Amino acid sequence: TLRHLETLLESVPRMAAALLLVTAFVSAIVASSEHGPFTDDFVQFLKRNHDRNEYVISAFKEYGATGTFGGRTAKNQKIDRQPVLFVHGNSDSALHYSDLATGWTKSVEHFKEKAYTSAELYGLTYGARDINLSLQNSITCRNLLGLRRFIEAIIEYTEADKIDVVAHSMGVTLARKAVKGGVVTLSGESCDLGESLSDRVDSLVAISGANYGMCMCLMAGLTGMPACGQAGFAPGSCGTDDASMGGCMAHTTDCEEEDYASVLRAANAGQDRSADFIASLWSNDDAILGKNNLVWGRKTSIVPDSDFSHGYNGLDHFQTKDQTMGDQFNLVTKHSLHGGRAKRHH
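Residues numbered from 1 in each chain as written. Predicted model: local features only at pLDDT ≥ 70, side-chain atom pairs only at ≥ 80, totals over all residues. Heavy atoms only, no water.

Here we look at the state of the cysteines
Okay, step 1: With the rule as written, the count across this model stands at 4 disulfides.
Okay, step 2: The disulfide partner of C215 is C248, and the gap between their sulfur atoms is 2.0 Å. Its torsion about the S-S bond being -75°, the disulfide of C215 and C248 is classed as left-handed. With a gap of 33 residues between them, C215 in the loop between β7 (201-207) and α7 (245-250) and C248 in helix α7 connect regions that are remote in the sequence. With respect to burial, C215 and C248 carry one shared label: buried. (Disulfide = S-S within 2.5 Å. Helix = DSSP H or I, 4+ residues; strand = E, 2+ residues; numbered from the N terminus. Buried < 20%, exposed > 50% of the residue type's maximum accessible area, 1.4 Å probe, protein only.)

Topic: a negative patch on the surface
Okay, step 1: A surface patch of like charges, here negative, comprises D241, D242, E256 and E257.
Okay, step 2: Along the chain, the position of D241 falls in the loop between β7 and α7.
Okay, step 3: Given a relative accessible area of 85%, D241 falls into the exposed group. (Patch = residues over 30% accessible without salt bridge, like charges linked within 9 Å, V, L, I, M, F, W, Y side chains within 5 Å. Areas by Shrake-Rupley, 256 points an atom, 1.4 Å probe, with all protein chains shown as cover. Salt bridge = Lys/Arg side-chain N within 4 Å of Asp/Glu carboxyl O. Lys, Arg positive; Asp, Glu negative; His and termini not counted. Charge placed at Lys NZ, Arg CZ, Asp CG, Glu CD.)

Comments concerning unusual backbone geometry
Negative phi is the rule for most residues except glycine; trans is the rule for most peptide bonds.
Okay, step 1: Backbone torsion omega between G36 and P37 reads 0°, so that peptide bond is classified as cis.
Okay, step 2: Within the fold, P37 resides in the loop between α1 (2-32) and α2 (40-47).
Okay, step 3: Even without a glycine there, the phi angle at E159 is positive, about 55°.
Okay, step 4: By secondary structure assignment, the location of E159 is in the loop between α5 (141-158) and β4 (163-168).

Here's the deal with the layout of surface pockets
Okay, step 1: Roughly 370 Å³ of volume is contained in the largest pocket.
Okay, step 2: Taken together, the residues of the lining of the largest pocket break down into 13 nonpolar, 8 polar and 1 charged. (1 Å grid on protein atoms, 1.4 Å probe; cavity = no way out; pocket = protein on both sides within 12 Å on 5 of 7 lines; lining within 4 Å. Points joined across faces, edges and corners; volume = space filled by probe spheres on them. Nonpolar A, V, L, I, M, F, W, Y, C, P; charged D, E, K, R; others polar.)

Considerations on the sheet that holds β4
Okay, step 1: The 7 strands are arranged β1-β3-β2-β4-β7-β8-β11 in an open sheet whose pairing can be described as mixed. Two strands close off the open sheet at either side, each with one partner strand: β1 (68-69) and β11 (308-312).
Okay, step 2: As paired elements, β7 and strand β8 (residues 277-283) share 5 bridges and run parallel to each other. In the strand pairing of β8, A206 is matched with S280.
Okay, step 3: Helix-sheet contacts for helix α6 (residues 170-180) involve β2 (84-87), β4 and β7, and the interaxial angle to β4 is about 145°. (Pairing = 2+ DSSP bridges. Contact = heavy atoms within 4.5 Å. Axes fitted to C-alpha atoms, helices over the stretch in contact; angles between N-to-C directions.)

A few points about the side chain of N330
Okay, step 1: Here N330 is to be found in helix α10 (residues 325-334).
Okay, step 2: Accessibility expressed as a relative area gives 16% for N330, which makes it buried.
Okay, step 3: Here L337 takes part through its backbone oxygen, which lies 2.9 Å from a polar atom of the side chain of N330.
Okay, step 4: If near-sequence neighbours (up to four positions away) are discounted, N330 is found in contact with H335, S336 and L337. (Polar contact = N/O pair within 3.5 Å; in protein donor to acceptor, adjacent residues only side chain to side chain.)

So, the pattern of salt bridges
Okay, step 1: Scanning all chains against the criterion turns up 13 salt bridges.
Okay, step 2: A salt bridge links D80 to K78; its shortest N-O distance comes to 3.8 Å.
Okay, step 3: The partner of D92 in a salt bridge is K321, and the shortest N-O contact between them spans 3.2 Å. Of the two residues, D92 is situated in the loop between β2 and α4 (105-113) and K321 in helix α9 (residues 319-322); the sequence distance between them amounts to 229 residues.

Observations concerning the pairing of β4
Consecutive residues of a regular strand have side chains that alternate between opposite faces of the sheet.
Okay, step 1: With respect to burial, β4 is a largely interior element, 6 of its 6 residues being buried.
Okay, step 2: Judged by which residues are buried, β4 turns out to be covered on both faces: I163, V165 and A167 on one side and D164, V166 and H168 on the other are all buried.
Okay, step 3: Where β2 meets β4, 4 bridges bridge the pair, whose relative direction is parallel. Its bridge partner lying in β4, V87 is registered against A167.
Okay, step 4: Sheet analysis places β4 next to β7, joined by 5 bridges and oriented parallel. Among the inter-strand pairings, H168 is bridged to a residue of β7, identified as I207.

What about the nonpolar core?
Within soluble globular proteins, side chains that are nonpolar generally end up buried alongside one another.
Okay, step 1: Counting residues in each nonpolar core, the largest one holds 59 residues, and the members touching the most others are L147, F150 and I151.
Okay, step 2: No other element matches the 9 residues that α5 contributes to this core.
Okay, step 3: Core analysis: the next-biggest nonpolar cluster, separate from the first, contains 23 residues, A94, W104, F308 and L315 among them. (Core = buried A, V, L, I, M, F, W, Y, C linked by side-chain atoms within 4.5 Å.)

Considerations on empty space enclosed by the protein
Okay, step 1: If you walk through the whole model with that rule in mind, you get 2 cavities of 30 Å³ or more.
Okay, step 2: As a volume, the largest cavity reaches approximately 70 Å³.
Okay, step 3: What lines the largest cavity is Y55, F86, V87, L124, Y126, N143, L147, F150 and L174.
Okay, step 4: Those elements giving two or more residues to the lining of the largest cavity turn out to be β2 and α5.
Okay, step 5: Taken together, the residues of the lining of the largest cavity sort by class into 8 nonpolar, 1 polar and no charged.
Okay, step 6: By volume, the second largest cavity is sized at about 40 Å³.
Okay, step 7: As for the second largest cavity, its lining consists of Y212, P235, C255, E257, E258, D259, Y260, V295, W296 and R298.
Okay, step 8: Looking at the lining of the second largest cavity, its residues break down into 6 nonpolar, no polar and 4 charged.

Structural data, given as structure tokens:
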């Protein structure tokens, strides 16, 4: 018996260490799932029309606690603010998944600090959360239709007259076209998104979008990748004989030919705005979108007919999302960075 007691005492430090590891692991899980996934109330709402909401439900099932967020935590929870939809970029996540897929966690935390609730903040994950596969991704009918159904579900679930949209990178293109609606013709497929929902969107905060393509897509070896094609972010040649990355970034005159990606031209065409108020944000030091954000003489991140535009300095492509939470909040709630009348920055 004494020997058994001695053995037990010797094992206490190892047991304590193991317990600490388990506690840390559980804490990490709890922290990562603090804002997600969808609440049970929202999931039950989606399942009432399972076929129509299949895309949204599949995201809930596939991506786990960090893959979706939003919904009432109680059946009769009151919704006081316009719901906000967050749409991430290529290879990112709804919430923090990894150092290279940070999602909207910081934005959600900031909005909640400002009294928003989970019933007023929504997001889901689309595509692989692996930046190494980003060049394989392009705009697809499945993602456009899925996002469109998600928007419709949020409006119906919250009974909101209008929603706000905050989007980053590829998410800007997806959100703009999903709201605009209409028939989309892509590489080998087409889909009808339905009538425009622009009258149901109050604010669109478009962060680091590539509305006229990306000059980097003219680099050798990238032109044939899906992300740089006609269903992606091909910048075209602008009607010049120098269809190179350097030529694209240095060009200063108007384009003689609008031959950038067809999906972007479709999003930019016509007079139908994406929202009542459109704000375009970017960084002049974004290596992905290029120095000063220029594509054949145009700032590619400025959505046509933007009401407000602002370029940061010193932020990379992902920091424009992860370090601008306060600006996102002010633009959604005040249509300004600083309150009062919006200031324009170029």
